[in-house]
Structure formats: structure tokens, C-alpha cells
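Secondary and tertiary structure notes
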Amino acid sequence: MEHTYRLVISCPDRVGIVAKVSNFLSTYNGWITEASHHSDTHTGWFFMRHEIKANSIPFGLDQFRAAFEPIAREFNMHWHIADSAQPKKVVLMCSKESHCVADLLYRWHSKEINAEIVAVISNHDDLRRMVEWHEIPYHHVPVSKENKAEAFAHIDELFQKYEADVVVLARYMQILPGELCEKYSGKVINIHHSFLPSFAGARPYHQAYSRGVKLIGATCHYVTQDLDEGPIIEQDVIRITHSDSIEDMVRLGKDVEKNVLARGLRSHIEDRVITYENKTVVFD
């Protein structure tokens, strides 16, 4: 993978933003390898993502930030720049179902995901052997009504210990406390079936089967204090028919879940997602 810097910007829309940024980069001989722009005419906001060859810029990120700051102030930008050579640290969380964790571990092991999976946290011990085979630390943190506050305090300590850039709820069947959602806003990704708000609760595929649904799918989104209502990163669906059994639906649903979660995580770790209000702009 080519070493690049990723410049990500959102700001009030106006004339001259692209020209100003491009002129800044050309002044320092910055070589743009990828450029994405989006203007939201409804909100009046502008979104931008540039990838720049790292070796084309004559200084590092600290100097880049200092040189770019006057432009950011002029245009009232929310912005950051990231280095592709510094993979984001990912903590996975799971319960008993293995399909999402196994898929992400495979993609990480085969270098399809440019990230560092630093730990797995689970409220069950079922997936320990699979995770430890990959030489990744596995932390079993049981959660019950009696110990919930203590358990999530320990989980927070683990997030800090591993300096997590992003936490992935890979079918983790516990609800994160509101204070954790707030503390790690924009850094926690979840996956769930896309039947919601219909067929909520246990055995959603059984409920959907009894209603004769024709589409099943999955949604990957950021976690907020509003359960399953955070900004959506990725979604997909697959068509089924009357001939599909409940077991078929569960199998197909798991396929969609793991693929959507992997795409959502990839978009996040490649700095392709910009959140504004409760929506996202996701650049391809």
C-alpha cells in the first residue's frame, strides 16, 4: 500500500474551498492521488477527502497541521489529517456468535484490513481459542445485572490500556452504558440486522419468517446513547423467497452482517467517513 496522508474536511459551503486547499498542496508540491468532494445543498455544508503522497510533502504531519491551520480558521473547517503508515488500533467485542469476529480476524490475518487488532473483549469465553490462535489477547469480562457498572468500568480500562482508535461490536450482545457511548463517540461501530424497528428483540429471523419477508439485510452504524439509531455507515440486503427456511435466513443474514461490518470498518479506518448531525458522508 502506498504511503499517503489523508486530509479530511467538513465546513460551511462557499466558493473557493477546493481552490484554496489545492493551491496550498501545490505550493508544497503535494501530489494528490485521490480527491473526493460532496456539497450538501440541504444543510449548506461541504465535505472533502484528499489522499496525498507522503513523500511529496517536504515535512511531517505536525508541520502540515501548523501550516494548514490558517486556512482551516478562514473557512471554519472541522478537519484532521491521518497517516496511512500508522494503522488504527482496533478492539473487537463479541459474545457467543463467531461469524463477524472470525471474518474480521481472517481479513486482518490476510492483510485485507490495514489495522491492528489489539484485543478482543467478550462477556463469554466461547471464542477464546479462535482468538488466541491469532496471538491476540482475549479478555473475558462477564456482565450481569449485579456487576454491570464494575464490568463496564473494567472494559473502559481495557479500551484505555490498548489505546483503542475504534471499537467494533462484532455481535456483542450487551448494551454499552450511555457514558461509554458519549466518551467514545464516533469510535464505536455496531452491526445488526436491518429489520429494525420491526422484529425487535429475540429471534428476529423467526419473527421475519412468520411474516413472509422478502428482503433481509444488515446495518453498520456508529453507537450512540440512542439504541441502534446512530449514524449509518454501511447497509446491504439480500432477497429471499418463500422457499427459504428459517435456517436459510439465518445463514444468509450472517453473510450480509459480516460483509457489511467489514466494509463499514474499512471505510472508518481509511478515514472515508465524515459524520454530520446524525448522518454520514462515506467516500468510496
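Here, every reference points to the structure presented above.
Let me sum up the structure you'll find in this document.

Thresholds applied
- Residues numbered from 1 in each chain as written.
- Predicted model: local features only at pLDDT ≥ 70, side-chain atom pairs only at ≥ 80, totals over all residues.
- Heavy atoms only, no water.
- Axes fitted to C-alpha atoms, helices over the stretch in contact; angles between N-to-C directions.
- Helix = DSSP H or I, 4+ residues; strand = E, 2+ residues; numbered from the N terminus.
- Parallel < 35°, antiparallel > 145°, perpendicular 65-115°, else oblique.
- Left-handed = near helix turned anticlockwise from the far one by under 90°.
- Contact = heavy atoms within 4.5 Å.
- Nonpolar A, V, L, I, M, F, W, Y, C, P; charged D, E, K, R; others polar.
- Pairing = 2+ DSSP bridges.

To continue, consider the packing of helix α3 (residues 99–109) against helix α8 (residues 246–269). Running from amino to carboxyl end, α3 crosses α8 at an angle of 45°, the nearest separation of the two axes being 9 Å. Considering their axes alone, α3 and α8 lie oblique with respect to each other. Like other packed secondary-structure pairs, α3 and α8 cross with a definite hand, here right-handed. Only Lys-254, Glu-257, Lys-258, Asn-259, Leu-261, Ala-262 and Leu-265 of α8 make contact with α3, whose side of the interface consists of His-99, Cys-100, Asp-103, Leu-104 and Arg-107. Each residue belonging to the contact of α3 with α8 can be placed in one class, and the counts come to five nonpolar, two polar and five charged.

Here the focus is the sheet that holds strand β5 (residues 88–94). Strand order in the open sheet made by the seven strands is β7-β6-β5-β8-β9-β10-β11, with mixed pairing throughout. In the strand order of this sheet, the two ends are held by β7 (138–140) and β11 (232–239), each with one partner. On average, each strand axis in the sheet is inclined to that of its neighbour by 20°, with strand direction left out of account. Across three bridges, the pairing between strand β6 (residues 115–122) and β7 is parallel. Bridge pairing in β7 places Ser-122 opposite His-140. Of the strands in this sheet, β5, β6, β8 (166–169) and β9 (188–193) touch α3, which is tilted by about 155° from β6.

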